[in-house]
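# Inside the fold
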Amino acid sequence: MYPAYRRVRKQIGAVERWFSQRKYTLSGVPYCINVELTNRCNLSCSYCPQPELVSSGQLKATDMDFELFQLLVNQVEDLQRGTRALDLASFTPVGLGEPLMYGELANALDT
Ligand code: SF4
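Residues numbered from 1 in each chain as written. Predicted model: local features only at pLDDT ≥ 70, side-chain atom pairs only at ≥ 80, totals over all residues.

## Here's the deal with the overall build of the protein chain
Helix and strand counts for the protein chain come out as four helices and two strands. The secondary structure elements of the protein chain, listed N-terminal to C-terminal, are α-β-α-α-β-α. Residues counted as buried form 7% of the 111 residues belonging to the protein chain. (Helix = DSSP H or I, 4+ residues; strand = E, 2+ residues; numbered from the N terminus. Buried ≥ 20, exposed ≤ 12 C-beta atoms within 10 Å, placed from the backbone.)

## Points about the site of the ligand
Neighbouring the ligand are the residues Cys41, Leu43, Ser44, Cys45, Cys48, Gln50, Pro51, Leu96, Gly97 and Glu98. Split by residue class, the shell around the ligand holds six nonpolar, three polar and one charged. (Near = placed C-beta within 6 Å. Nonpolar A, V, L, I, M, F, W, Y, C, P; charged D, E, K, R; others polar.)

## Some remarks on helix 1 (residues 3-20)
Compared with an ideal rise of 1.5 Å per residue, which puts 18 residues at 26 Å, helix 1 spans 25 Å between its outermost C-alpha atoms and is within 8% of the ideal. Taking burial as the measure, the 18 residues of helix 1 include zero buried ones, a minor fraction of the element. (Expected span 1.5 Å × (residues − 1).)

## Observations concerning the confidence of the model for the protein chain
Low pLDDT means the predicted atomic positions in that stretch should not be read closely. Looking at the protein chain as a whole, its pLDDT mean stands at 84, while 87% of the residues score no less than 70. Mean pLDDT across the elements of the protein chain bottoms out in helix 1 (78) and peaks in helix 2 (residues 50-55) (93). (pLDDT = per-residue confidence, 0-100.)

## Here we look at the environment of cysteine 41
With respect to the helices, strands and loops of the structure, cysteine 41 is situated in the loop between strand 1 (32-34) and helix 2. Residues cysteine 41 and tyrosine 102 lie 61 residues apart in sequence; the distance between their C-alpha atoms is 9.6 Å. Apart from the residues within four sequence positions on either side, cysteine 41 is in contact with Gln50, Gly97, Glu98 and Met101. (Contact = placed C-beta atoms within 7 Å.)

Below is the structure:
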């Protein structure tokens, strides 16, 4: 596995441990939501673990079902209607893949 990916995972683990030691609860919706529409990619950036994860079989390259994406958007809208404290600042179609490879990208952005 990529050393940079291992370092990031280690840092994420430290953040998760930090949060797990405290009693935080979320109210309302998060400020930012990132949605991985696809984890497929046609590039091979040197710093990215995606190509190796896919070629080694640790990650199955696939797309999110568009119906699942619509369900997520509907749930976020429902949550936003139910909260006064937080406003969603961003809803970004990004993850461990190239969003432009998602066949329903135009429909997703219109949703
Ligand atoms: S997922 Fe993004 S960062 Fe990774 S190889 Fe593809 S384009 Fe590069």
